[in-house]
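Read off the chains here:
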Amino acid sequence: MSSTPATDQPCCGSFPPAVLRPAELPSFGRGGARTIPLVTRAVGAEVFLTGQTLFEGGAGIPLHTHNCPESVTVLEGDAVVEIDGTEHHVTRFDTTYVAAGPPHRFRNASATEPMRILWIYASVDATRTLVETGVTARVDAEHTEPSTPRA
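Since this is a predicted model, take the numbers as computed values, not measurements.

Chemist: For this particular structure, what's the right way to read the pattern of salt bridges?
Modeler: All chains considered together, the criterion is met by six salt bridges. Across the pair Glu-82 and Arg-105 runs a salt bridge, and its minimum N-O distance is 2.8 Å. A residue pair is termed long-range when its members are at least 10 positions apart, and Glu-82 in strand E6 (residues 78-83) and Arg-105 in strand E9 (residues 104-108) qualify at 23 residues. For Glu-82, a relative accessible area of 12% gives the class buried. Arg-105 gets classed as partly exposed once you look at its relative accessible area, which sits at 30%. Salt-bridge contacts for Arg-138 lead to Asp-125; the nearest nitrogen and oxygen are separated by 3.1 Å.

Chemist: Even after reading the chapter, I still don't get the packing of aromatic side chains, so can you show me in this structure?
Modeler: By convention here, two paired aromatic rings are described through the distance between centres and the angle between planes. Under the definition given, this model contains one aromatic pair. Relative to Tyr-121, the ring of Trp-119 has its centre 5.1 Å away and its plane inclined at 50°; by these criteria the two rings are tilted. Owing to a relative accessible area of 4%, Trp-119 belongs among the buried residues under this scheme. Residue Tyr-121 is classed as buried on the basis of its relative accessible area, which comes to 2%.

Chemist: It is not clear to me how the environment of Phe-28 should be interpreted in this structure. Could you clarify?
Modeler: By secondary structure assignment, the location of Phe-28 is in strand E1 (residues 28-30). Put simply, Phe-28 and Thr-53 are 25 residues apart on the chain and 9.1 Å apart in space, counted from C-alpha to C-alpha.

Chemist: Hey, could you run me through the sheet that holds strand E2 (residues 33-37) in this one?
Modeler: Within a sheet, each strand pairs with its neighbour through backbone hydrogen bonds, oriented either parallel or antiparallel. Within the open sheet, the six strands sit side by side as E1-E2-E3-E10-E5-E8. Their pairing is antiparallel. Looking along the sheet, the strands with just one partner apiece sit at the ends: E1 and strand E8 (95-98). The average angle at which neighbouring strand axes cross in this sheet is 25°, direction not considered. Here strand E3 (residues 49-55) pairs with strand E10 (residues 115-121) via seven bridges, running antiparallel. Bridge pairing in E10 places Thr-53 opposite Ile-117.

Chemist: Sorry if this is basic, but what is going on with the pairing of strand E7 (residues 86-91) here?
Modeler: Along a regular strand, successive side chains alternate from one face of the sheet to the other. Note: E6 against E7, six bridges, orientation antiparallel. The residue bridging Val-81 from the neighbouring strand is His-88, located in E7.

Chemist: For this particular structure, what's the right way to read the environment of His-104?
Modeler: Here His-104 lies in strand E9. Take His-104: its relative accessible area is 1%, and that puts it in the buried class. For His-104, the residues in contact, after removing those within four places along its chain, are Pro-62, Leu-63, His-64, Thr-65, His-66, Glu-70, Glu-82, Ile-83 and Val-98. In this structure the side chain of His-104 is engaged in a polar contact, spanning 3.4 Å, whose partner is the side chain of His-66.

Conventions adopted
Residues numbered from 1 in each chain as written. Predicted model: local features only at pLDDT ≥ 70, side-chain atom pairs only at ≥ 80, totals over all residues. Heavy atoms only, no water. Salt bridge = Lys/Arg side-chain N within 4 Å of Asp/Glu carboxyl O. Helix = DSSP H or I, 4+ residues; strand = E, 2+ residues; numbered from the N terminus. Buried < 20%, exposed > 50% of the residue type's maximum accessible area, 1.4 Å probe, protein only. Phe/Tyr/Trp six-rings, centres within 6.5 Å; stacked < 30°, edge-to-face > 60°. Pairing = 2+ DSSP bridges. Axes fitted to C-alpha atoms, helices over the stretch in contact; angles between N-to-C directions. Contact = heavy atoms within 4.5 Å. Polar contact = N/O pair within 3.5 Å; in protein donor to acceptor, adjacent residues only side chain to side chain.

See below:
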């Protein structure tokens, strides 16, 4: 047990509060999916990243790994998540937690209805490594080319 006394000091630097409205923020295309970054370095994040990804009917993202833990909550629709070779059907408000390392991916379980997830990475320096190619990129680097405006 630590003998360090509790303190009211924040764990990180200070930054102004923010209200983030996904409908008013740019989205970034990833095939049949669009990502909306929310809590990022741009708003002062120093510990974690959050955002939403919207999947068109039948769309999915490739199998990948991360260098930090990730939690995903389904906000809308039905999904199939593959984690370390096992598929799970998930629906609204179901939440996943994947440690750094295991390969995983999400796909929309519906061919016609949209699906939306909220993702949280346990590091502002989160990376994604595509299993098929071995290419690694920072998650926040994926947010550079806005897609077409959302409806």
